[in-house]
Amino acid sequence: MKIIYPLIFCIFFICWIPSVALAQKSYPTPSFNLTATTANYIIDGELNEAEWIQHRVIDQFWQFFPVDTILAKHQTEIFMTYDDNFLYVAAKCHTESDKFIIPSFRRDFRAGGNDNISFLFDTFLDKTNAFLFGMNPYGVMREALISNGGSDTQFFNTYWDNKWEGESKIFDNYWTCEMKIPFKTLRYIDGGRAWNFMSYRFDTQINEQSTWVRIPQNQIIFNLAFSGMMEFDKPLRKPGANLAIIPYVRAGQARDFLKEPTAKTPLNSIGADLKVGITPGLILDATINPDFSTVEADRQVQNLTRFDISLSFPEQRQFFLENSDLFGTFGSQETFNSTMGNQNFTPFYSRRVGLEVDTTTGTYTPIRILSGVRLNGKVSKNLRIGLLNVQTARDVERGISSANTTVAVVQQKVFSRSNITALFIDKEVFNPAPGRDRFSRVAGLEYNHASADNKWLGKFYYHQAFTPTDGENQFATGASLTLNKYRYQVTGNYYYIGEDFRADVGVVPRRNVYRINPIAQLNFYPNNKRINRHSVGVSYEEYRKPSLGLTDQAIGLVGDVTFQNYATLQWQVANTYTYLFTDFDPTRSGNEPLRRGTDYRYTNAQFNYRSDRRKKLNTEVRGTFGQNFNGTIASLTGLLLYRFQPYGDLTMNFSYSRITTSEGQGTLFLIGPRTDITFSKKLFWTTFFQYNNLSNNVNINSRLQWRFRPVSDFFLVYSDNYFADSFAGKNRAIIAKLTYWFNL
């Protein structure tokens, strides 16, 4: 019964609706027909083939920003056709002039702050998953995977990579683009005749965002609930053999100055990835001795909370990306910026694979992956499956045993956009070190709800853990439900994590705790020259232990503002209560810690401001000011970016925090200048320098990438780490790597 009461409270809170609220906006859903072609299209961006005009399917876009009630001022025309092997897409984007904002030549750019157009293909008609392809006026390409209906930016993955062609051309009052997308790149139903389609465009000259399907402003522009139908004039068939092999060869050297300063360790290796299209909707990925050393370095952060913040780092490794939502959205996924830090939990987090505890230091360290296999995708219109198995190596020197991780998922679509997911996670450790369990397993059932109009979003789940050590409370359960309407939004979140719940390849910040987190906000759309829209609301968050009662609580006012120049501001003011279960030093400076068993109530304010990204100089700043435990906090974190288009940008990442308690004070400082130079659409050079006094570390990472053929690259990567106080070396490595994509 203790589990049921908080859940009833959240549901009651959600169902309480302000009487002044207006109904959700609803618009007609457009559609178009595609006819096949036998023409030979040269992908040069010029649209000079006479047959293109016969395949114009769209000539009208609606404005999404700054308002959502009128036709776009600068219209967009879309042309589309296909043959047995390729989908051909073209667009003519009308503008005021030939002056555009193009930050760089780097592929996979984000849409905000530059001119571009994107095309979304929901190939299974589920309005839940989609492939995105985009272009800007300079012909820079981007592709992405959208999952969970595109209900939040965390479900937009730009790290996915694949083979296709595209080019753009600039004219006086418009620009054009052409794309040639192989059907082998996409997943779809064999014999199907219809997909869902959506397109959106950013026009910086008049600061306009426009869409083919009309979307109310309270929604995200790539939300898949708002799409139309594209119908082919004949059934789509499997496009022949769909097999790709991507081998690599790597050479390099590393030095560990802390162990053997003069010894050089060779980093030579070979390996390969394999992609096999079992059916047009089901893909098999395999990898042998994969290498992730050339993945772009993570931006360092300073964790001021008492909890793990690793969920803020996205998965970038290609092997784990396609259909990653099948494996990576278990458990709580709320995005609300809690005053208590990110305390979401999940039984499986892919970045934990290949990461083990070094028994000599007690910290997580990368471990070599020997092999892996993933079978994932659609087996029918409504059924998706996922099977992942990864084998990691043994490291005797660091006391790490070899391990095998398996994840099995079955997901059945129900209703219009909802699904039921059954999952099983198993980590088997071979010859475990003394005191370490031989296995950790979790089985679970989840229901993900999304209404047809995206008005209702929710999740309900139950996870059961199985470990060699028996326990009465080896389960976790939770729920979240959101009512998202044009004039208001109401959300309730709840979970309980049992005292004995374990997930060795997941993230579990707390155990034996109940959490509830209701939030309500009102949306306003003023007719104002400066402010486009804003919201204000209240939030409540609390944690309770069954035997102790209240341990954490936050009561606050929250809000956000979107300005007419598309700058944004989020803010909150909260009164927080915290009970400490362990000694904790908020200053992180070696002062006497606050003692376990003490409690504190304090009030502070937080904000997150993002300036107009169309400007050459722009910034993003997050801050926290006010009381903190029995002292104070003044913290600023963010970046300052200068764009020297189209050849890249110079970014200054920074974090400065001054924290006091009754026992002393501390100053935490992180600075990270980063240069991203794009010489062309094929040659990129990124250098990242990071100084962090919290971890006493200076890091240099420099990465040169030459894409000499589509999805085939040469990398040269140099990395160096030093102690910040003495600048004595920790470790150093230089790596050269060559990859090549073969279609067989």
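Note that this is a predicted model, so its numbers are computed, not measured. (Residues numbered from 1 in each chain as written. Predicted model: local features only at pLDDT ≥ 70, side-chain atom pairs only at ≥ 80, totals over all residues. Heavy atoms only, no water.)

Student: Account for the sheet that holds strand 4 (residues 76-82), with residues named and values stated.
Tutor: Across the sheet, five strands lie side by side as 2-4-5-11-10; this open sheet has antiparallel pairing. Strands with a single pairing partner mark the edges of an open sheet, and in this sheet they are strand 2 (56-58) and strand 10 (165-170). Each strand axis lies, on average, 20° off the axis of its neighbour in the sheet, ignoring direction. Sheet topology places strand 10 next to strand 11 (residues 174-182); six bridges connect them, and they run antiparallel. When the bridges of strand 11 are listed, Ile170 appears paired with Trp175. (Pairing = 2+ DSSP bridges. Helix = DSSP H or I, 4+ residues; strand = E, 2+ residues; numbered from the N terminus. Axes fitted to C-alpha atoms, helices over the stretch in contact; angles between N-to-C directions.)

Student: How would you explain the side chain of Thr405 if you had to name every residue and give the values?
Tutor: Secondary-structure assignment places Thr405 in strand 23 (residues 403-414). Exposure remark for Thr405: the relative accessible area of 5% places this residue in the buried category. Setting aside residues no more than four positions away along its own chain, Thr405 makes contact with Phe348, Val353, Leu388, Asn389, Val390, Asp426, Lys427 and Val505. (Buried < 20%, exposed > 50% of the residue type's maximum accessible area, 1.4 Å probe, protein only. Contact = heavy atoms within 4.5 Å.)

Student: Describe the environment of Leu71, and please don't skip the residues or the numbers.
Tutor: Secondary-structure assignment places Leu71 in the loop between strand 3 (62-65) and strand 4. Considered as a pair, Leu71 and Arg214 are 143 residues apart in the sequence and their alpha carbons are 9.2 Å apart. Not counting chain neighbours up to four residues away, the residues in contact with Leu71 comprise Gln60, Phe61, Trp62 and Gln63.

Student: Residue-level account of unusual backbone geometry, with values.
Tutor: Cis geometry is adopted by the peptide bond preceding Pro66, which originates at Phe65 and carries an omega value of 15°. Residue Pro646 follows Gln645 across a cis peptide bond; omega there is 0°. Within the secondary structure, Pro646 sits in the loop between strand 35 (631-643) and strand 36 (648-661). The residue Phe415 is not glycine, and still its phi comes out positive at about 55°. Among the structural elements, Phe415 can be located in the loop between strand 23 and strand 24 (418-429). The backbone phi angle of Tyr566 is positive, close to 70°, even though this residue is not glycine.

Student: Lay out the pattern of salt bridges with the relevant residues and their values.
Tutor: Throughout the structure, instances matching the rule amount to 41 salt bridges. In this structure, the salt-bridge partner of Glu46 is Lys169, at a minimum N-O distance of 3.6 Å. Highlighted residues: Glu46 in the loop between strand 1 (31-34) and strand 2 and Lys169 in strand 10, separated in sequence by 123 residues. With relative accessibility at 33%, the residue Lys169 sits in the partly exposed group. Lys378 is the partner of Asp126 in a salt bridge, and the nearest nitrogen-oxygen pair spans 3.3 Å. In this pair, Asp126 is assigned in the loop between strand 6 (116-122) and strand 7 (130-135) and Lys378 in strand 21 (residues 369-378), connecting sequence segments 252 residues apart. Classification of Asp126 by relative accessible area gives buried; the value is 4%. (Salt bridge = Lys/Arg side-chain N within 4 Å of Asp/Glu carboxyl O.)

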